[in-house]
Structure formats: structure tokens, C-alpha cells
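Coordinate analysis (summary)
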Amino acid sequence: LRHRHFQQALFELSNELRQRFDCSRVAIGLVHAARVKLAALSEAATFEKSSPMVQAYVDAMGETCDLAQTIEAFRPEEGSPPETYRAHATLLQRVGSDALISLPVSHQAQTIAVITLERGNGQRFSDAERQWLEAFAALFSPVVAQRRDAERNSLRRLADDSLRFWEALLGPRHLLWKMGGLLTLLLLALLVWLPVPYRISAKTVTEGSVQRVAAAPFEGYLAAGFVRAGDVVGKG
């Protein structure tokens, strides 16, 4: 929480977990829109995102995200049955470790991150270590959600808000949102298709398109007026 950037916090967390559990490597991935992105590797400030090793981590984390449960994998011994988790078995072969464990970090019934720890000293993770990691993942989930939302750019915020709006409008529950959307749609339909008479009030002046002025050749005054403006007169 003390770090300004979430990426730096994830990097330090991966190093702390590696030292605490005597691991050869710890990886942390973030999940957005059901897609996993490797965010941090212990003892590696930068890494090639398109490398086969990184892709193996992403596949294993995706397997954990799909199953939404903690997955443990071990290097198979001679005569033992094959590993049931294919992506984790592939990761074991790729990195050459003896055991690994992947924990989903869930927030509001959705997996938002995955933590993968691996060991190469021939020791498996004990039940106490697994319980500690699962408890830590539960405490870590609100931190991930808060820091991830805080570092979104404007376009991501707009996209997420729009997605939440349509989910509330078309998804389950949120009856008030649905009633408000239905009333708004009905009002727009009435404004567009219902003919409504209207009247515009304004001050106007009507003038002829051609105006003529008859000027007297001498000074004088009008003794009498026999017609008014607008009357029709004839010659003479």
C-alpha cells in the first residue's frame, strides 16, 4: 500500500513471497475481461511478454482462473499417473521446478488476479503454507481491486462504466434501472412518433414588397384623409 505505483508494489510482493516460502520464483498475474496478463516476476524487473516461459505462466494462470480454485502441481515420479492439470504440467516442464501452487484472488465472486509460486528444492507446499496463502489471497483481493481501479485511464474508466450500465440495464436484478430505462425509451418514442400541435407567438409587421412615396411639390398640410392604410383605391 505504501507504493505510489501498483506495478512496483506487485514486484516487491513477489520478492517477499519468494523469500518467505523459499521459492525459486513467484509470478503474479492480473485478470481483466477473462484474460490473464502477467504483471510481475520475482527478481525480474522486466521480462519479455512474448517468450514461451511467460506464455506458459499465462496458460497456467488461465487454468486457475477457469477452475476458480487453488491448484497444486508436482513433478511426476516414475510410474505415477500423468498430471491432470495440463497447463501447470507444461509450466513445470518449462521452468524445471519440482512443485508449484497457483491461488486465485477473487473479489465479488470474480477472479481478478492469480499468484503462482514454484519450488525447485524437491519440497512440496505444506497444508499450513497453503492455508496461509489462501488467507493472504483473501486479504489481498480488495487491495488489487482498489489499486487497479485507481490507475485506470480515462478510456478504461469510460468503458468500464458503460459496461456496468448495460449490465445493470440488461442483466439480472437492478429493477429500478430497468424501469427507468423502459420509461426513458417510452418517452423518446412518444416524442419522436406522436404528432403534437404547437403554436409560436411573436410580434410581427406586414409590409408591402413595393413601397411608393408621393411627395407634394410645395409646402402645405393635409386638410382631410378619406382612406386609410390598406384601403384599395382606383384612378381619380
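Summary of the structure given here. (Residues numbered from 1 in each chain as written. Predicted model: local features only at pLDDT ≥ 70, side-chain atom pairs only at ≥ 80, totals over all residues. Heavy atoms only, no water.)

Right, let's get into the overall build of the protein chain. From N to C terminus, the protein chain includes six helices and five strands. Taken from N to C terminus, the helices and strands of the protein chain fall in the order α-β-β-α-β-α-β-β-α-α-α. Over its C-alpha atoms the protein chain spans a radius of gyration of 38 Å, topping by over 25% the 18 Å that the globule rule assigns to 236 residues. Over its C-alpha atoms, taken along the principal directions, the protein chain stretches across nearly 130 × 40 × 30 Å. A burial count over the protein chain gives 31% of its 236 residues as buried. (Helix = DSSP H or I, 4+ residues; strand = E, 2+ residues; numbered from the N terminus. Rg over C-alpha atoms; globule rule 2.2 N^0.38 Å. Buried < 20%, exposed > 50% of the residue type's maximum accessible area, 1.4 Å probe, protein only.)

All right, on to a nonpolar patch on the surface then. Nonpolar side chains collect at one region of the surface, where Leu187, Leu188, Leu191, Val192 and Trp193 lie side by side and expose about 630 Å² of accessible area between them. Of note, Leu187 is situated in helix H6 (residues 175–193). (Patch = residues over 30% accessible without salt bridge, like charges linked within 9 Å, V, L, I, M, F, W, Y side chains within 5 Å. Areas by Shrake-Rupley, 256 points an atom, 1.4 Å probe, with all protein chains shown as cover. Salt bridge = Lys/Arg side-chain N within 4 Å of Asp/Glu carboxyl O.)

Where strand S1 (residues 25–32) meets strand S5 (residues 110–119), six bridges bridge the pair, whose relative direction is antiparallel. Its bridge partner lying in S5, Ile28 is registered against Ile115. Bridge analysis of S1 against strand S2 (residues 35–41) gives six bridges, and the strand direction is antiparallel. Bridging from a neighbouring strand, His32 pairs with Arg35 of S2. (Pairing = 2+ DSSP bridges.)

Below, the discussion takes up the layout of surface pockets. One number sums up the size of the largest pocket: a volume of about 1400 Å³. Lining the largest pocket we find 34 residues, and of these Val31, His32, Ala33, Arg148 and Arg156 sit closest to its centre. Taken together, the residues of the lining of the largest pocket break down into 14 nonpolar, eight polar and 12 charged. Taken as a whole, the second largest pocket spans an internal volume of roughly 280 Å³. Looking at the second largest pocket, it is lined by 14 residues, and the ones nearest its centre are Leu1, His3, Ala9, Leu13 and Phe140. Mapped by element, the contributors of at least two residues to the lining of the second largest pocket are helix H1 (6–20) and helix H4 (127–150). Partitioning the lining of the second largest pocket into residue classes produces nine nonpolar, one polar and four charged. (1 Å grid on protein atoms, 1.4 Å probe; cavity = no way out; pocket = protein on both sides within 12 Å on 5 of 7 lines; lining within 4 Å. Points joined across faces, edges and corners; volume = space filled by probe spheres on them. Nonpolar A, V, L, I, M, F, W, Y, C, P; charged D, E, K, R; others polar.)

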